[in-house]
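In case you want the letters, here they are:
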Amino acid sequence: MAVIRIERLNGAGLLERLDDLARLRITVFHDWPYLYAGSLDYERQYLQRYAAASTGTIVVALDGEQVVGAATALALEEEADYVQAPFLAASIDLAPIFYFGESVLLKQYRGHGIGVEFFNQREAAARQFGKRYCCFCGVQRPDNHPLKPADYVPLDGFWGKRGYARRPDLVAGFSWTDIGETTQSTKPMVYWMRDLAA
């Protein structure tokens, strides 16, 4: 595999890569377990908030000039209401928490440490912005879902090795249109958290 460059983008640098990032998200999230039927227009709108946010961070993996992977993050205080909702309902202070939006990587580049570096870079950004905790959430699909691949291995073990603990008490509802559907439906998203000071 070619040498992959890892870069952290924000502001103008992020906007220059907007379409590349949008296409990458649509490609990776098309697969299980997200089954996402995305559009470039929505993705452009979604990603612009990371450029606008004071703590917005996107880490990209580049093969030459091709974006082959990306991971997003920003302060939970700057996230959307539906992302914050489980924490507010549990009376958890948002101020010290850094939220990881997603981590997407083309299949042929997986297994080479890029995903680990995405975590390292976003945790470094969290520390830079004075945050103590990092969190993210993953979709909870039923085990008997007809589109679940027989050989699917969840990322729970990988996340656990990074120091993250599953928080079944913190569950958000995210809505998107699944492949083969014509309208959005709400999916349960279970949070994982890590204390950077631990």
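A quick note: this is a predicted structure, and the numbers were derived from the prediction, not measured. (Residues numbered from 1 in each chain as written. Predicted model: local features only at pLDDT ≥ 70, side-chain atom pairs only at ≥ 80, totals over all residues. Heavy atoms only, no water.)

## Notes on the pattern of salt bridges
Taken as a whole and judged by the stated rule, the model has 18 salt bridges. Here Arg5 makes a salt bridge to Glu7, at a shortest N to O gap of 3.2 Å. Here Arg5 falls in the partly exposed class, since its relative accessible area comes to 32%. The partly exposed category is assigned to Glu7, whose relative accessible area is 31%. (Salt bridge = Lys/Arg side-chain N within 4 Å of Asp/Glu carboxyl O. Buried < 20%, exposed > 50% of the residue type's maximum accessible area, 1.4 Å probe, protein only.)

## Re the packing of aromatic side chains
The final tally for this structure, using the stated rule, is 20 aromatic pairs. Ring plane angle 20° and centroid distance 6.2 Å describe the contact between Tyr42 and Tyr46, whose orientation is recorded as stacked. With a gap of 4 residues between them, Tyr42 and Tyr46 both fall in helix α3 (residues 40-52), about one helical turn apart. Seen in terms of ring centroids, Tyr46 and Tyr50 are 5.8 Å apart; in terms of plane orientation they differ by 70°. Their pairing is edge-to-face. Placement of the pair is Tyr46 and Tyr50 together in helix α3, with a separation of 4 residues, close to one helical turn. The exposure classification of Tyr46 matches that of Tyr50, with both residues buried. Clustering of aromatic rings is evident, with ring pairs tying together Phe98, Phe100, Phe119, Phe129, Phe136, Phe158, Trp159, Tyr164 and Trp192. (Phe/Tyr/Trp six-rings, centres within 6.5 Å; stacked < 30°, edge-to-face > 60°. Helix = DSSP H or I, 4+ residues; strand = E, 2+ residues; numbered from the N terminus.)

So far we have only geometry, and geometry alone does not tell us how the molecule works.
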